[in-house]
Amino acid sequence: MSGASSASTPAPGRHVVSATLVIAAPRQRLFDLIADPAMHPRIDGSGTVVASPVGAPERLGPGVRFGMGMRMGLPYRTSNRVVEFEEGRRIGWAHFSRAVWRWEFADVEGGTEVTESFDWSRARARPVMRRFARGNAVSMRRSLERLAELAAED
């Protein structure tokens, strides 16, 4: 299933934090792992995504809503909606803050270049988002490494 994005991908800048890694795995395999919300707790490098709630969709697609069990000190839940989607190439979701978590996939020699980004250019409460954005680059690098490990399991 292919779909157009509802938002364009901004260039990295003042309100976008990202990390990139070339992973020796097929692009579609990596995309499929990210499009499966049940895999998010295993991929998350921040330690804050702890569970995909009961009733979560099996696969994300354009406009799909899904929640996650989270923990940052105290447990809480997020409600997200897929706001960007191009099958096999890009997926992004946002929650109430309007910040977008985006994953992009491109074929390169040796595998797939995967970029995870946190785009808070349209977010509410930018001072709060700025505080979280600072730590996201390290967590994103760990997420990319976990994604590579999961892709290698098959």
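The present account deals with the structure reproduced in this document.

Criteria and cut-off values
- Residues numbered from 1 in each chain as written.
- Predicted model: local features only at pLDDT ≥ 70, side-chain atom pairs only at ≥ 80, totals over all residues.
- Heavy atoms only, no water.
- Pairing = 2+ DSSP bridges.
- Helix = DSSP H or I, 4+ residues; strand = E, 2+ residues; numbered from the N terminus.
- Contact = heavy atoms within 4.5 Å.

Topic: the pairing of strand 6 (residues 100-108)
So, point 1. Pairing geometry for strand 5 (residues 90-94) and strand 6, over 5 bridges, is antiparallel. Along strand 6, the bridge assignment pairs isoleucine 91 with tryptophan 103.
So, point 2. Turn length for the strand 6-strand 7 (residues 111-119) hairpin, with the two strands adjacent in sequence and antiparallel, is 2 residues, and the turn residue glycine 110 shows positive phi of about 95°.

Side note on the environment of asparagine 136
So, point 1. Structurally, asparagine 136 can be placed in helix 3 (residues 126-152).
So, point 2. For the pair asparagine 136 and valine 17, spaced 119 residues apart in sequence, the C-alpha to C-alpha distance is 7.1 Å.
So, point 3. Those residues within four positions of asparagine 136 in sequence are excluded, and the remaining contacts are Val17, Trp101 and Phe118.

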